[in-house]
Amino acid sequence: MLKTSSELIEELASRIRVRRLAMGLPQQEAAQRSGIAYRTWRRLETEGKASIEDLIKAAIALRCEEPLEALFPAPSATNLDELLKRQAKPPAGATTGPSRARGRRAKSS
């Protein structure tokens, strides 16, 4: 069943509150740990209103940041050529070849 944005916001706000309580954290401490203003944290739990940045900070403070990475997955390949191109590209942040940071080897005489 599809949910409206209001329903999703309400459920997410409730899950944040339940998670915080399960961790034994008062709102003030959760807000402090996350770097979010106490008023913003209260609004996040009661109204589900906060910036994406504050939501991410809350997820980190409540140790729920990993599932965020799965929110918007890359679309699947539509054909074999596209799939092969994706597989040929190195993952983001991967390095290829020797690192220059290792320094140069001294020449032997």
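Refer to the preceding data block for the structure.
(A) Structural view of helix α2 (residues 27-34). When α2 is considered as a whole, its buried residues turn out to be Gln 27, Ala 30, Ala 31 and Ser 34. Along the axis of α2, the buried residues cluster in a sector spanning 100°; they form a single face. Backbone geometry just downstream of α2 places Gly 35 in the positive-phi region, at approximately 80°.

(B) Layout of helix α1 (residues 5-22). Its 18 residues place the ends of α1 25 Å apart at the C-alpha level, agreeing with the 26 Å of an ideal helix rising 1.5 Å per residue. Within α1, the full set of buried residues consists of Ala 13, Ile 16 and Arg 20. For α1, the arc enclosing every buried residue in end-on projection is 55°, short of the 170-degree limit, so these residues lie on one face. Exposed residues on α1 whose side chains face more than 90 degrees from its buried face are Glu 10, Arg 15 and Ala 22.

(C) Quick look at the pattern of salt bridges. Scanning the model with the defined rule gives 5 salt bridges in all. Of the charged contacts in the structure, one is a salt bridge between Arg 20 and Glu 45, with a shortest N-O distance of 2.5 Å. Taken together, the residues span a long stretch of sequence, with Arg 20 in helix α1 and Glu 45 in helix α3 (residues 38-46) at a distance of 25 residues. Note on accessibility: Arg 20 and Glu 45 belong to one class, buried. One salt bridge connects Arg 33 with Glu 29, and the closest N-O pair in it is separated by 3.1 Å. With Arg 33 and Glu 29 both in helix α2 and 4 residues apart, this pair spans about one turn of that helix. Through salt bridges with shared partners, a single network forms among Lys 3, Glu 11 and Arg 15.

So, how was this worked out
Starting afresh in each chain, residues are numbered from 1 along the sequence in its written order. For a predicted model such as this one, the threshold for reporting local features is a pLDDT of at least 70, and the threshold for listing and counting side-chain atom pairs is 80 or more; totals across whole chains, interfaces and linings nevertheless cover every residue. Values reported for side chains reflect all heavy atoms of the structure, with hydrogen atoms and water molecules removed beforehand. For the exposure calls, accessible area comes from a 1.4 Å probe over protein chains only, and a residue counts as buried if that area is under 20% of its type's maximum, exposed if over 50%, partly exposed in between. Helical segments are the DSSP runs of H or I of at least four residues, strand segments are the runs of E of at least two, and each set is numbered from the N terminus. The arc refers to the directions leading from the helix axis to the C-beta atoms. One less than the number of residues in a helix, times 1.5 Å, gives the span that helix is expected to have. One side-chain nitrogen of Lys or Arg within 4 Å of one carboxyl oxygen of Asp or Glu is enough to make a salt bridge.

This is a description of form; function is not addressed.
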